[in-house]
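# Fold and contact review
Given next are the chains, with one letter for each unit.
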Amino acid sequence: MVVRISFILPTLMILIPGTHGIFNTVIMLLSSSLPLYIVMKTIWLNIFTIIHLIYYGYTHFRETINNFEVNDFVVMEWSRLNMPFVLRLFWAIRLLDLFILSLLTKEIKHETLFGTVKYLLAKGCDTFTAVLGMTSFVSYFCHYIGAFFQWVLLTEDVEQVNIGSRSAILFFILALQTGLTILEPEERFIQLCRNICFTCDFLLFYVHSLLNPLLSSLSVNRNNSINRHLRALFVCGFLIVFSTNMLRYFWYCHFVNNWPIEMYFFNIQIVVKVLVTLAIYSLHMIDGYRTRIWEKLDDYEFYIKSFGDVVNFCFGTIIFLSGVYNVAFESGSIFRAPWMCIHAYYSIWRSIRDGWRVFIKRRLAVRRVESLADATSVQLSEFDDVCSICQHNMDSAKITNCNHYFHSICLRKWLNLKDNCPLCQGILYQS
């Protein structure tokens, strides 16, 4: 009926003069009420289906919350709806649409390839939804980069499989903190490059977290697989070369003030971490070819690790102070305050706390071992046995109160964990 009236009214408007304004108002009201009528009719005819869907959704949500937590529910629904793929598809279609429109409007027809990519990336993150789509792409690439390095190192680290999600969270937080969507296109592209560089540094730290325990295991366990050693050393070389080239590029192509100082120190930290890992790996490899126990190995390892920890602590403190300065004196940097608090806790406070605990435990272990008597050559010849901790011959030894013989270095490592004798479980040292 509404449709019939909408066709009759224009005819009456032509036949009856002076009714043009009235009929225009009536037609506008009918054209607005027609979609509303169709929507209401559709809802009324499917009212039971809609109520059933609402009840099913509420029941499913309540059961999930009772059995799990809210974050588990969000993760399950996020995976069930396949949101990462939807966001990637949306962003790819949006970029294709921007590219076609730019060609039709001749905005980038005469631009170079770099200019085209720069234009698309700047336009591709100008809204909140577009940033989500780009974040999904970043997560996708980071996941496969992490999987590639796991394949190169022949390792399957279950705890680190969420590198894609972690890098996506980092990239999205950086986009929010820097106000990526409200910047001008030129400034937006520069800030986007900075955020991508930060994400690359995060990936390098991740690769080092895979590399460090692997090299330690290969050297301590005397692994004879040359292939695994070469793969790990190749990744070490890649980390050093990549970080060094990034530093060189930033230094020669940009002024220090134009790029965040954190980016420089993050790359220096990666180089220092890799060099410390290689130094400890070399010490253990040298120790593997020695026929006698290396008494000073533990001291050298402690000094190298302490040097690396002190350097990283200094850089972390400088990064924190730089962030505090930006929060205090730069506009729009107040959103970085939570990030700086997290950095202060993990990079400064925890490093101080853990380093102090290691130092105290080591100093106590040294004092306890030094308080024990040294075995003479006559006692060693009468004992004529190996150290029960490392199973090596003893040219020198410490004698416990329970009359057991151990290497000084082996006993020191043992006392870092327990106060009992490795053989009789008697108390070696009374505090």
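## What about the overall build of the chain?
- Along the backbone of the chain there are 15 helices and 3 strands.
- Evaluated residue by residue, the chain yields a buried proportion of 34% over its 431 residues.
- Here the analysis covers contacts within the chain between residues at least 6 apart in sequence; of these, 62% occur between residues at least 24 apart.
- When the accessible surface of the chain is summed, it comes to about 27500 Å², and 66% of that surface belongs to carbon and sulfur atoms.

## Some remarks on the packing of aromatic side chains
- In total, this model carries 13 aromatic pairs according to the counting rule given.
- Between phenylalanine 128 and phenylalanine 172 the ring centres are 5.7 Å apart and the planes differ by 70 degrees, which places this aromatic pair in the edge-to-face class. Placement of the pair is phenylalanine 128 in helix H7 (residues 128-153) and phenylalanine 172 in helix H8 (residues 163-177), with a sequence separation of 44 residues.
- Arranged with centres 6.0 Å apart and planes meeting at 80 degrees, the rings of phenylalanine 198 and phenylalanine 266 form a pair that is edge-to-face. Of this pair, phenylalanine 198 sits in helix H9 (residues 185-220) while phenylalanine 266 sits in helix H11 (residues 261-288), and the two are 68 residues apart along the sequence. Assigned by exposure class, phenylalanine 198 and phenylalanine 266 land together as buried.
- One residue, arginine 231, lies across the ring of tryptophan 151, its end atom 5.5 Å from the ring centre.

## Details of the sheet that holds strand E1 (residues 373-374)
- Taken together, 3 strands build an open sheet; the order of strands is E1-E2-E3 and the sheet is antiparallel. The open sheet is flanked by E1 and strand E3 (405-406), the only strands paired with a single partner.
- In this structure, E1 lies alongside strand E2 (residues 398-399), joined through 2 bridges in antiparallel fashion. Note that in E2 the partner of alanine 373 across the bridge is isoleucine 399.

## What to know about unusual backbone geometry
- Its identity as a non-glycine residue notwithstanding, leucine 154 has a phi of 55 degrees, on the positive side.
- Counting through the fold element by element, leucine 154 comes out in the loop between H7 and H8.
- We classify leucine 154 as partly exposed; its relative accessible area is 41%.

## A few points about the state of the cysteines
- One pass over the full model with this rule turns up 0 disulfides.
- Left unpaired, cysteine 125 is separated from the closest cysteine sulfur, that of cysteine 193, by 9.7 Å.
- Cysteine 125 gets classed as buried once you look at its relative accessible area, which sits at 0%.

## Focus: the pattern of salt bridges
- Enumeration according to the criterion identifies 3 salt bridges in this entry.
- In this structure, arginine 94 and aspartate 126 form a salt bridge, with 2.8 Å as the shortest nitrogen-oxygen distance. Highlighted residues: arginine 94 in helix H5 (residues 83-104) and aspartate 126 in the loop between helix H6 (113-123) and H7, separated in sequence by 32 residues.
- One salt bridge in this structure joins lysine 118 and glutamate 186, with 2.7 Å as the shortest N-O distance. One end of the pair, lysine 118, is in helix H6; the other, glutamate 186, is in helix H9, with 68 residues separating them in the sequence.
- Its relative accessible area of 21% is what places lysine 118 among the partly exposed residues.
- Its relative accessible area of 45% is what places glutamate 186 among the partly exposed residues.

## A closer look at a nonpolar patch on the surface
- Judged by side-chain polarity, Leu36, Val39, Met40, Ile43, Ile50 and Ile54 come together as a nonpolar surface patch covering roughly 540 Å² of accessible area.
- Those elements giving two or more residues to the nonpolar patch turn out to be helix H2 (20-45) and helix H3 (47-67).
- The leading source of residues in the nonpolar patch is H2, at 4 residues.
- Turning to its location among the elements, methionine 40 is positioned in helix H2.
- The exposure class of methionine 40 is partly exposed, given its relative accessible area of 49%.

How each quantity is defined
Residues numbered from 1 in each chain as written. Predicted model: local features only at pLDDT ≥ 70, side-chain atom pairs only at ≥ 80, totals over all residues. Heavy atoms only, no water. Helix = DSSP H or I, 4+ residues; strand = E, 2+ residues; numbered from the N terminus. Buried < 20%, exposed > 50% of the residue type's maximum accessible area, 1.4 Å probe, protein only. Contact = heavy atoms within 4.5 Å. Areas by Shrake-Rupley, 256 points an atom, 1.4 Å probe, with all protein chains shown as cover. Phe/Tyr/Trp six-rings, centres within 6.5 Å; stacked < 30°, edge-to-face > 60°. Lys NZ or Arg CZ within 6 Å of the ring centre and 35° of its normal. Pairing = 2+ DSSP bridges. Disulfide = S-S within 2.5 Å. Salt bridge = Lys/Arg side-chain N within 4 Å of Asp/Glu carboxyl O. Patch = residues over 30% accessible without salt bridge, like charges linked within 9 Å, V, L, I, M, F, W, Y side chains within 5 Å.

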